[in-house]
Amino acid sequence: MVQQRFTLVWDRPVSPDASTHVSLFDGGTHPLHIVASGHGADEPGALRDLSVTLKERHESAEAIAYVSEEYAALTGNPR
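The structure displayed is predicted, hence computed values, not measured ones. (Residues numbered from 1 in each chain as written. Predicted model: local features only at pLDDT ≥ 70, side-chain atom pairs only at ≥ 80, totals over all residues. Heavy atoms only, no water.)

Caption draft 1: Seen up close, the overall build of the protein. Helices and strands together make up the secondary structure of the protein, namely two helices and three strands. The N-to-C order of helical and strand elements in the protein reads β-β-β-α-α. Relative to a compact globule of 79 residues, whose C-alpha radius of gyration would be 12 Å, the protein shows 13 Å and is just as compact. For the protein, the spread of C-alpha atoms along the principal axes amounts to about 35 × 30 × 30 Å. In the protein, buried positions account for 32% of the 79 residues. Per element, the accessible surface of the protein, about 5,100 Å² overall, is 53% carbon and sulfur. Distance between charge centres in the protein, computed from 6 positive and 11 negative side chains, equals 4 Å. (Helix = DSSP H or I, 4+ residues; strand = E, 2+ residues; numbered from the N terminus. Rg over C-alpha atoms; globule rule 2.2 N^0.38 Å. Buried < 20%, exposed > 50% of the residue type's maximum accessible area, 1.4 Å probe, protein only. Areas by Shrake-Rupley, 256 points an atom, 1.4 Å probe, with all protein chains shown as cover. Lys, Arg positive; Asp, Glu negative; His and termini not counted. Charge placed at Lys NZ, Arg CZ, Asp CG, Glu CD.)

Shown next, in the form of structure tokens:
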């Protein structure tokens, strides 16, 4: 069984005018640490913002690929 290295933690707003936040955690290091966060009007928007942040910060290709896969699974559209 392969353990997933990365995980997303969501903060979904209760208020309709609040942003959705998502944080990417790296479980491949000890202790678990946050790689980056993103926010947007909805889940796809938050993942797009997270993806941009990862690329701007030159994070690992694995982290960027993971977020891209999650975006594609959520929206049905590859990013």
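Next comes the rest of the description.
Caption draft 2: Region of the structure containing the environment of Thr20. Take Thr20: it is sitting in strand S2 (residues 20-26). The buried category is assigned to Thr20, whose relative accessible area is 5%. Along the backbone, Thr20 and Thr53 are 33 residues apart, and their C-alpha atoms lie at a distance of 15 Å. Non-local contacts of Thr20, meaning those with residues more than four positions away in its chain, are made with Trp10, Asp11, Arg12, Pro13, Gly38, His39, Gly40, Ala41, Asp42, Glu43 and Ala46. (Contact = heavy atoms within 4.5 Å.)

Caption draft 3: Structural detail: the packing of aromatic side chains. Using the criterion set out here, one finds one aromatic pair in the structure. Considering the side-chain rings of Phe6 and Tyr66, the 5.8 Å spacing of their centres and the 35° angle between planes classify their relative orientation as tilted. Of this pair, Phe6 sits in strand S1 (residues 6-11) while Tyr66 sits in helix H2 (residues 61-75), placing them 60 residues apart in sequence. Judged by relative accessible area, which is 5%, Phe6 ranks as buried. By relative accessible area, which is 11% here, Tyr66 ends up buried. (Phe/Tyr/Trp six-rings, centres within 6.5 Å; stacked < 30°, edge-to-face > 60°.)

Caption draft 4: Up close: the nonpolar core. Within the largest apolar cluster, 15 residues are counted, with the highest numbers of intra-cluster contacts made by Leu8, Leu24, Leu47, Leu50, Leu54 and Val67. If you list the elements that add at least two residues to this core, you get S1, S2, strand S3 (33-40), helix H1 (43-56) and H2. With five residues, the top contributor of residues to this core is H2. In contact with Leu47, not counting residues within four places along its chain, are Leu8, Trp10, Val22, Val67, Glu70, Tyr71 and Leu74. (Core = buried A, V, L, I, M, F, W, Y, C linked by side-chain atoms within 4.5 Å.)

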